[in-house]
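Structural overview for review
Read off the chains here:
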Amino acid sequence: MNLSEMSSPASLFTACVSVSASIMLFQTMLNRVFPEEVKNYIFARITSYFRPLPSTITLIIEERDGMASNEVYNAAEIYLCNKIINPDIQYFKVSKCSKEPNIRVKFAKCGKIVDFFQGIELIWRFVSEDSKNIPDVDSDNNNIVVSQEKRCFELSFHKKHKNEVLNFYMPFLLKEAKIIRDEKKVVKLYTLACSSSYSSIFYRDFINLEHPSTFDTLAMDLELKKAIIEDLDRFLKRREFYKKVGKAWKRGYLIYGPPGTGKSSLIVAMANYLKFDVYDLELSSVKRDSDLRRLLLRTTNRSILVVEDIDCSIELVDRRTANHGIHADFFPRDQKITLSGLLNFIDGLWSSCGDERIIIFTTNNKDTLDPALLRPGRMDMHIHMSYLTIQGFKVLAENYLQVQYDYNNRVFREVQDLIEEVQVTPAEVAEELMKSDDVDASLGELARFLKRKMIKNEEKGIEIHKTKKMKSCDHSKMNLEGGLEATVKLSSCDL
């Protein structure tokens, strides 16, 4: 066949018909021999060779890493919310608390923010979706489905910038977020507890901790106050020391004393001094030792975990109870927290999941606590909040009356002498000082209050003395009667 015959229209048409017939024959054979799944696989493999490779990489940054919070997600949220808001984003969460200077803006639905770092374009997307396939069991052992919100950031960039993003942009993001967080830090008070319906569902509602208590306003012994501040400062500076000696970077405090002596105010002063968030743990809502561990993971670094009135929160199955032969079944069926679980919570393996953590227990009566809770490593420093002292009264007078303590003032001297004789709490004295704006009137009313309290204490002392004396007489009488009765019985037997 020569060139002219090959290029003729008839020959071209014949060649096309021949190729089409071959393709149709091959397709017919393919449909009969190979199943549909195999054909789809072959087609996908063939087309993959002709598909252009993607030029971008997308990093998924989820809110939680397993059971723990994701530090990168938190940093990204702070960093991006502080940048100029992209007008293409349609939904935001806007809030403002009473004492915050600015409005807080957070992401609500899918949106895109473009950031630039060393000439690299980085595209951030916020994704929020509901996940309704999380099984759980309620208190009646019924299977339920819990709806939880799943949130994450998607960071997209050109693949050639992978090393720059991971090795330089991510550390920059964490550093910038820390600076922004420290500048805008508002101490928050969290309620950390389990749901009353489903014990494995946790919540941590929060408000801004606007309590103004500071170490300057605390009416407590100056030496004790100084010792607490020095201990806190030492704790903050010893990150490498804790790592060197192999200890978790945490500190435990036991604050004990009569009601009204300022235990809660001391906790707030510590939080305001350190700029640490406070987590108020409701032990009464926790029904399993495993829930304690999960609650601990809900707290963040640089935080204070508080268990108030530890002696009244729950009944613990401790060693003393076991020694008296009281079985664990004596306690309510839905109360499964044990002393061992609580000890592991504050000093076990799970307690090391985080840094710069402070754990505080408060109680009115230290003697009711199991000694295992009080040893160093669990409660490292025991702080006794005593009744009001002269130094504490000077602080109260300056705070409430805006006057310096004057020993030459007769009423001041009278109040000082009464405080040394009467056991009175700072809360009681503060209440009396608030009753009048006049300094002399307030001090005079305080002096009369202290005199009345001293008289009542003396009367109670006399009544207690009489009661003890009567009990002692009754006891002696019972012993005497018992002795006489035993003598009579012995004489009868002899007869």
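What you see is a predicted model; the values in this text were computed from it and never measured. (Residues numbered from 1 in each chain as written. Predicted model: local features only at pLDDT ≥ 70, side-chain atom pairs only at ≥ 80, totals over all residues. Heavy atoms only, no water.)

A word on helix α4 (residues 71-81)
- Residues Y73, A75, A76, E77, Y79 and L80 constitute the buried set of α4.
- For α4, the capping residue at the N-terminal end is N70, with a side-chain oxygen 3.1 Å from the backbone nitrogen of V72. (Buried < 20%, exposed > 50% of the residue type's maximum accessible area, 1.4 Å probe, protein only. Helix = DSSP H or I, 4+ residues; strand = E, 2+ residues; numbered from the N terminus. Polar contact = N/O pair within 3.5 Å; in protein donor to acceptor, adjacent residues only side chain to side chain.)

Concerning the side chain of R378
- Looking at the secondary structure, you find R378 in the loop between α13 (371-374) and β15 (381-384).
- When sequence neighbours within four positions are dropped, the list of residues in contact with R378 reads G252, L343, I346, D347, A372 and L373. (Contact = heavy atoms within 4.5 Å.)

Here we look at a nonpolar patch on the surface
- There is a patch of nonpolar side chains on the surface, built from V38, Y41 and I42 and spanning about 270 Å² of accessible area.
- By the secondary structure assignment, V38 is in helix α3 (residues 36-48).
- Overall, V38 belongs to the partly exposed group, its relative accessible area being 32%. (Patch = residues over 30% accessible without salt bridge, like charges linked within 9 Å, V, L, I, M, F, W, Y side chains within 5 Å. Areas by Shrake-Rupley, 256 points an atom, 1.4 Å probe, with all protein chains shown as cover. Salt bridge = Lys/Arg side-chain N within 4 Å of Asp/Glu carboxyl O.)

What about the packing of aromatic side chains?
- Inspection of every chain in the model, using the stated rule, returns 15 aromatic pairs.
- Taking 5.9 Å as the distance between ring centres and 85° as the angle between the ring planes, the aromatic pair formed by W124 and F153 counts as edge-to-face. Taken together, the residues W124 in strand β7 (residues 120-137) and F153 in strand β8 (residues 143-158) connect sequence positions 29 residues apart.
- What makes W124 buried here is its relative accessible area of 1%.
- Of the residues examined, F153 reaches a relative accessible area of 1% and is grouped as buried.
- Taken together through their ring pairs, the aromatic side chains of Y73, Y79, F117, W124, F126, F153, Y169 and F172 make up a single cluster.
- Lying over the aromatic face of F241, R238 brings its terminal NZ or CZ to 3.9 Å of the ring centre. (Phe/Tyr/Trp six-rings, centres within 6.5 Å; stacked < 30°, edge-to-face > 60°. Lys NZ or Arg CZ within 6 Å of the ring centre and 35° of its normal.)

A word on unusual backbone geometry
- You will see that R302, though not glycine, has its phi angle at about 55°, which is positive.
- Residue placement: R302 occurs in the loop between α9 (289-297) and β13 (303-307).
- Taking relative accessible area as the criterion, R302 reaches 33% and is therefore assigned partly exposed.
- The phi dihedral of D309 is positive, around 50°, even though this residue is not glycine.
- Positionally, D309 belongs in the loop between β13 and α10 (310-313).

Topic: the pattern of salt bridges
- The tally for this structure, following the rule as stated, stands at 13 salt bridges.
- Among the ionic pairs, E414 bridges to K451, the shortest N-O distance being 2.7 Å. You can see E414 sitting in helix α15 (residues 410-421) and its partner K451 sitting in helix α17 (residues 439-494), a full 37 residues away along the chain.
- Overall, K451 belongs to the partly exposed group, its relative accessible area being 37%.
- Residues joined in a network through salt bridges with shared partners are D231, R234 and R251.

Overview of the pairing of β13
- Most of β13 is tucked away, with five of its five residues classed as buried.
- Along β13, one buried face is formed by S303, L305 and V307 and the opposite face, lined by I304 and V306, is buried too.
- Note that strand β12 (residues 277-281) and β13 share four bridges and pair parallel. Bridge pairing in β13 links V278 to I304.
- At this point the chain moves from β12, through α9, to the parallel β13, and the crossover so formed is right-handed.
- When β13 meets strand β14 (residues 357-363), the two strands line up parallel, connected through five bridges. Looking across to β14, one finds that S303 is bridged to R357. (Pairing = 2+ DSSP bridges. Right-handed = clockwise from strand over helix to strand, strands pointing away.)

Looking at the packing of helix α6 (residues 222-237) against helix α8 (residues 263-274)
- At a minimum axis distance of 12 Å, the contact between α6 and α8 shows a crossing angle of 40°. For the element pair α6 / α8, the angle class is oblique. The two elements α6 and α8 meet at a crossing, and its hand is right-handed. Counted together, I228, I229, L232, D233 and L236 of α6 and L266, M270, Y273 and L274 of α8 form the full contact between these two elements.
- Counted by class, the contact of α6 with α8 contains eight nonpolar, no polar and one charged residues. (Axes fitted to C-alpha atoms, helices over the stretch in contact; angles between N-to-C directions. Parallel < 35°, antiparallel > 145°, perpendicular 65-115°, else oblique. Left-handed = near helix turned anticlockwise from the far one by under 90°. Nonpolar A, V, L, I, M, F, W, Y, C, P; charged D, E, K, R; others polar.)

These values are about where atoms sit, not about what they do.
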